[in-house]
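Here are the chains, one letter per residue:
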Amino acid sequence: MTDETDMIAEATGRIFADLADPQTVNAARTDAWKAPLWQALEDAGLTRAWVPEDKGGAGISLDAGFEILRVSGHYAAPVAIAETLVAGWAMAEAGLNVPEGPLTLGMMRARDAVAITDGVVTGTLRSVPHTADAAAIVVIEGSQLAVLSPDAAVMTPRDTDMGGERADLRFDASAPEQIAHLSGGSAGVEMIGAVARACQMTGALESTLALTTDYTGEREAFGRKIGKFQAVQQNLAKLAGEIAAALTASGSAADTVTNESLGSDASFLEVAAAKIRVGEAVETGTAIAHQAHGAIGWTQDYTLQRYSRRMMGWRDDFGSESHWAVRLGNHVASGGAESIWPMITTR
């Protein structure tokens with residue numbers, strides 16, 4: 001990381017540590033903590049990190065923004081920081097002015113069906129996070145981007161808590177506040193969003209390891225700390241290995257999309273590999289963490305469940321592992337057998 005990225009990551013960590021400690025947020029009876037946290041993030045320029053300076057943003061590099069998101073994952077990202085960064089990036093790419101406040105956007109799930117025709121938006125989006133807090137909703141269909149007021153959607157809150165107070169949205173010929181052509185189309189936004197979620201999941205996994213290590217170092221069974229048992233130590237080592245793989249995959253993808261065109265083979269391969277590998281690390285890592293914690297891991301008063309719920313929700317955003325695996329397989333197969341080895345060795 002560069003000195004600038006280190007400084008940005010440190011500032012992000014301080015804000016979240018001061019205003020969004022997971023245990024404090026988990027115990028809060030109201031949402032009074034949200035406004036000060038969001039205001040601090042806005043004041044620091046972190047919510048508009050990917051918006052160019054001439055449009056009122058911070059204009060920092062993509063990889064520095066991805067580091068913001070990894071740090072936010074350490075705190076289970078209780079506000080729409082990733083959604084706002086990705087939506088702001090897309091709006092700036094389309095030449096639109098980015099409004100103040102939290103933003104959200106469709107997470108591009110396989111069965112979503114939205115059309116932007118004749119200047120109106122029709123269709124449905126599933127499991128969209130932070131809709132209740134959003135100042136605007138960004139919808140992308142093909143090469144068109146529309147910005148709508150939350151009042152333009154019929155919202156059905158989701159019963160299952162997967163982080164971010166998610167809701168299904170329905171648009172009935174809703175008129176957007178802004179509409180523009182997006183040169184990279186939905187594919188570019190999906191790639192940026194996939195790396196964003198991979199970085200957040202990586203950060204959350206790091207905190208999951210810290211929680212699990214602390215717990216196994218304190219919990220006793222049969223007169224010994226359970227962290228002293230070989231089986232538990234092996235599982236912790238496996239969890240650490242999964243996090244190392246996630247850090248490598250998400251970091252490599254962040255670096256590649258920063259320095260390569262989003263339409264390049266290199267970017268596609270790195271993004272697909274990161275979303276798949278980090279998602280697999282979440283599946284394995286959360287299982288290990290909850291096995292080590294026993295039943296306490298899912299209790300409302302303990303913070304591990306916050307991380308687990310968010311990571312499971314993030315896995316499906318901007319394409320699940322199976323979605324990216326199919327695309328990656330098709331991409332490799334289309335190049336023929338002779339292309340596989342050069343494709344692997346040039347990364």
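Right above here is the structure, for reference.
Per-chain numbering applies: the sequence of each chain, read as written, is numbered from 1 onward. Whole-chain, interface and lining totals are the exception, using all residues; otherwise, since this is a predicted model, local features are given only for residues with pLDDT of at least 70 and side-chain atom pairs are given and counted only at 80 or more. Side-chain measures were taken over the full set of non-hydrogen atoms in the model, leaving aside hydrogen atoms and water.

Novice: Summarise the sheet that holds strand E4 (residues 136–141); cite the residues concerned and give the values.
Specialist: Hydrogen bonding along the main chain pairs the strands of a sheet, whether they run parallel or antiparallel. Spatial strand order, E1-E4-E5-E8: 4 strands in an open sheet with mixed pairing. Either end of the sheet is taken by a strand with one partner, and the two such strands are strand E1 (103–105) and strand E8 (178–181). Adjacent strand axes in the sheet meet at a mean angle of 20° when their direction is disregarded. The criterion for strand pairing is that DSSP finds at least two bridges linking the strands in question. Helix and strand definitions follow DSSP, with helices as H or I runs of at least four residues and strands as E runs of at least two, each counted in order from the N terminus. Relative to E4, E1 runs parallel, the two being bridged by 3 bridges. Bridge pairing in E4 places Thr104 opposite Ile137. Fitted lines through C-alpha atoms give the axes, limited to the stretch in contact for helices. The angle between two N-to-C directions lies from 0 to 180 degrees.

Novice: Residue-level account of the pattern of salt bridges, with values.
Specialist: Counted as salt bridges are all cases of a side-chain nitrogen of Lys or Arg within 4 Å of a carboxyl oxygen of Asp or Glu. Under the defined criterion, the tally for this structure stands at 18 salt bridges. In this structure, the salt-bridge partner of Arg166 is Asp317, at a minimum N-O distance of 2.8 Å. Here Asp317 lies in the loop between helix H9 (304–316) and helix H10 (321–335) and Arg166 lies in the loop between strand E6 (154–157) and strand E7 (167–174), a separation of 151 residues in the sequence. For every residue, the accessible area obtained with a 1.4 Å probe (protein chains only) is divided by the maximum for its type, and the residue is called buried under 20%, exposed over 50%, and partly exposed between those limits. Residue classification places Asp317 among the buried residues on the basis of a relative accessible area of 0%. The residue Glu321 makes a salt bridge to Arg315 at a minimum N-O spacing of 2.6 Å. Like Glu321, the residue Arg315 is buried in the burial classification.

Novice: Tell me what's going on with the pairing of E7, and back it up with residues and numbers.
Specialist: Note: strand E3 (residues 120–128) against E7, 5 bridges, orientation antiparallel. Across the sheet, Leu125 pairs through a bridge with Leu169, a residue of E7. Sheet analysis places E6 next to E7, joined by 4 bridges and oriented antiparallel. Residue pairing across strands places Pro157 opposite Ala167, the latter belonging to E7.

Novice: Mind laying out the pairing of E4, listing which residues take part and the relevant values?
Specialist: Counting buried residues along E4, 5 of its 6 residues qualify, which places the element largely inside the surrounding structure. Note: E4 against strand E5 (residues 144–148), 5 bridges, orientation antiparallel. In the sheet register, Glu141 faces E5, and the bridge partner there is Gln144.

Novice: Tell me about a nonpolar patch on the surface, and please be specific about residues and values.
Specialist: Patch rule: a residue counts if its relative accessible area is over 30% and it has no salt bridge; like charges are joined within 9 Å, and nonpolar side chains (Val, Leu, Ile, Met, Phe, Trp, Tyr) within 5 Å. Exposure was quantified through the Shrake-Rupley algorithm and a 1.4 Å probe, taking into account, for residues, occlusion by the shown protein chains and nothing else. Nonpolar side chains collect at one region of the surface, where Ile340, Trp341 and Ile344 lie side by side and expose about 350 Å² of accessible area between them. Checked against the element boundaries, Trp341 lands in helix H11 (residues 340–345).

Novice: Got a sec to walk through the nonpolar core? Specific residues and values, please.
Specialist: For our purposes a nonpolar core is just a set of buried Ala, Val, Leu, Ile, Met, Phe, Trp, Tyr and Cys residues, chained together by side-chain atoms within 4.5 Å. Grouped together as the largest cluster of nonpolar side chains are 89 residues, with contacts concentrated most on Trp50, Phe66, Leu69, Leu145 and Val189. Here this core gets 14 residues from one element, more than from any other, and that element is helix H6 (residues 185–218). By definition in these notes, contact holds between two residues if any of their heavy atoms fall within 4.5 Å. Apart from residues no more than four positions distant in its own chain, Leu145 is found in contact with Ala90, Met91, Leu96, Ile116, Val138, Val139, Ile140, Gln178, Ile179, Ala180 and Leu182. In this structure, Ile137, Val139, Ala146 and Phe171 belong to the second largest nonpolar core, which totals 13 residues.

Novice: So what's going on with the sheet that holds E3? Residues and values would help.
Specialist: Strand order in the open sheet formed by 4 strands is E2-E3-E7-E6, and the pairing between neighbours is antiparallel. Sheet topology places strand E2 (113–117) and E6 at the edges, where each strand pairs with a single neighbour. Across the sheet, the axes of successive neighbouring strands diverge by a mean angle of 15°, strand direction being ignored.

Novice: Now, about the packing of aromatic side chains: what can you tell me, with residues and values included?
Specialist: What describes a pair of aromatic rings is the distance from one ring centre to the other and the angle between the planes of the rings. Ring pairs shown here join Phe, Tyr and Trp side chains whose ring centres sit within 6.5 Å, with only the six-membered ring taken for Trp; geometry is labelled stacked below 30 degrees between planes, edge-to-face above 60, and tilted in between. Scanning the entire structure with this criterion turns up 3 aromatic pairs. Geometrically, the ring pair formed by Trp50 and Phe66 is edge-to-face, given 5.0 Å between the ring centres and 70° between the ring planes. A residue pair is termed long-range when its members are at least 10 positions apart, and Trp50 in the loop between helix H3 (34–43) and helix H4 (62–74) and Phe66 in helix H4 qualify at 16 residues. Measuring from centroid to centroid gives 6.1 Å for Phe268 and Trp324, while their planes differ by 45°, and the two rings are tilted.

Novice: Now, about empty space enclosed by the protein: what can you tell me, with residues and values included?
Specialist: Over the atoms rolls a probe the size of a water molecule, and in doing so it shows where empty space is left. With a 1 Å grid laid over protein atoms only, a set of points is called a cavity when a 1.4 Å probe fits there but cannot get out and a pocket when it is open yet has protein on both sides within 12 Å along at least five of seven lines; lining residues have an atom within 4 Å of a point. Grid points are joined across faces, edges and corners, and a volume is the space filled by probe spheres set on the points. Applying the stated criterion across every chain yields a total of 1 cavity of 30 Å³ or more. If you trace the largest cavity, you find 13 residues lining it, with Ala77, Val79, Glu83, His130 and Trp314 closest to the centre. Mapped by element, the contributors of at least two residues to the lining of the largest cavity are helix H5 (81–93), H6 and H9. Of the residues in the lining of the largest cavity, the class split is 5 nonpolar, 4 polar and 4 charged. When residue character is reported, Ala, Val, Leu, Ile, Met, Phe, Trp, Tyr, Cys and Pro are called nonpolar, Asp, Glu, Lys and Arg charged, and the others, Gly included, polar.

Novice: Provide a residue-level description of the side chain of Thr47, including the pertinent values.
Specialist: By the element assignment, Thr47 lies in the loop between H3 and H4. Among residues more than four places away in sequence, those in contact with Thr47 are Trp38, Leu41, Glu42, Ile81, Thr84 and Leu85.

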